[in-house]
Amino acid sequence: MESRTKNLPALQYEVDRLATRLQPTSRTLPRHADLPAFIKDMGQVSQQSAVRKFDCQPGAVTKVDHLSEQKMMLTFEGDFLNVFKFLQQAEAMQRLTRVRTLSIKTKDPKLGQVEVRLAMNIYFDAD
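Residues numbered from 1 in each chain as written. Predicted model: local features only at pLDDT ≥ 70, side-chain atom pairs only at ≥ 80, totals over all residues. Heavy atoms only, no water.

Participant: For this particular structure, what's the right way to read the nonpolar core?
Facilitator: Across soluble globular proteins, you tend to see nonpolar side chains buried next to one another. One finds Phe38, Met42, Met72, Leu74, Phe76 and Phe86 to be the most contacted residues of the largest nonpolar core, which totals 18 residues. Elements supplying a minimum of two residues to this core: helix H3 (35-48), strand E2 (67-79), helix H4 (80-91) and strand E4 (113-125). Per-element tally for this core: the top contributor is E4, with five residues. Excluding its chain neighbours within four sequence positions, the residues that come into contact with Met42 are Phe54, Leu74, Phe86, Ala90 and Met93. (Core = buried A, V, L, I, M, F, W, Y, C linked by side-chain atoms within 4.5 Å. Buried < 20%, exposed > 50% of the residue type's maximum accessible area, 1.4 Å probe, protein only. Helix = DSSP H or I, 4+ residues; strand = E, 2+ residues; numbered from the N terminus. Contact = heavy atoms within 4.5 Å.)

Printed below as a string of structure tokens:
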């Protein structure tokens, strides 16, 4: 037992070091899903990046430990540069998200037009 307790200071140091690395994150975890605000924000990003036929479909909510996660399916199309701009802006949002899958298919190769399916999760406090 005594040999195990000798490791506690090193373990505490490692936990503190890892916690410090996590602190600077600019992402926020809302207290509730606030789905209308998320859809509105993504709609604004789609307008700013000039993608077309934007659609956002919410899916199931599941509880994972002390978090709730809601699946989302986003579809849209546009030229590749506008799609790239959309993805950059979506990634820069303050909300905690995770991309599950991203599918980009050519729609018109001469014009650089693509169709996008983006499956993602949004997270919020489960308590």
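Participant: Could you clarify how one ought to interpret the pairing of strand E1 (residues 52-64) in this entry?
Facilitator: Where E1 and E2 come together, nine bridges link them in antiparallel fashion. Residue pairing for E2: Pro58 is matched across the bridge by Met72. The turn linking E1 back onto E2 is made up of two residues, and Asp65 within it adopts a positive phi angle of 55 degrees. (Pairing = 2+ DSSP bridges.)

Participant: Please explain the pattern of salt bridges as it appears in this structure.
Facilitator: A side chain of one charge can pair with a side chain of the opposite charge if their charged atoms are brought near each other. Scanning the entire structure with this criterion turns up three salt bridges. Across the pair Glu77 and Arg52 runs a salt bridge, and its minimum N-O distance is 3.6 Å. Highlighted residues: Glu77 in strand E2 and Arg52 in strand E1, separated in sequence by 25 residues. In this structure Glu77 comes out as buried when scored by relative accessible area, which is 7%. Notably, a salt bridge pairs Glu77 with Lys53, separated by 3.8 Å at the nearest N-O pair. One end of the pair, Glu77, is in strand E2; the other, Lys53, is in strand E1, with 24 residues separating them in the sequence. Judged by its relative accessible area of 61%, Lys53 is exposed. (Salt bridge = Lys/Arg side-chain N within 4 Å of Asp/Glu carboxyl O.)

Participant: Would you explain a nonpolar patch on the surface in this entry?
Facilitator: Among the surface-exposed residues, Phe80, Leu81, Phe84, Val99, Leu102 and Ile104 lie close enough to one another that they form a single nonpolar patch of about 580 Å² accessible area. Among the secondary structure elements, those contributing two or more residues to the nonpolar patch are H4 and strand E3 (97-108). Note that Leu102 resides in strand E3. Look at Leu102 and you get partly exposed, because its relative accessible area is 43%. (Patch = residues over 30% accessible without salt bridge, like charges linked within 9 Å, V, L, I, M, F, W, Y side chains within 5 Å. Areas by Shrake-Rupley, 256 points an atom, 1.4 Å probe, with all protein chains shown as cover.)

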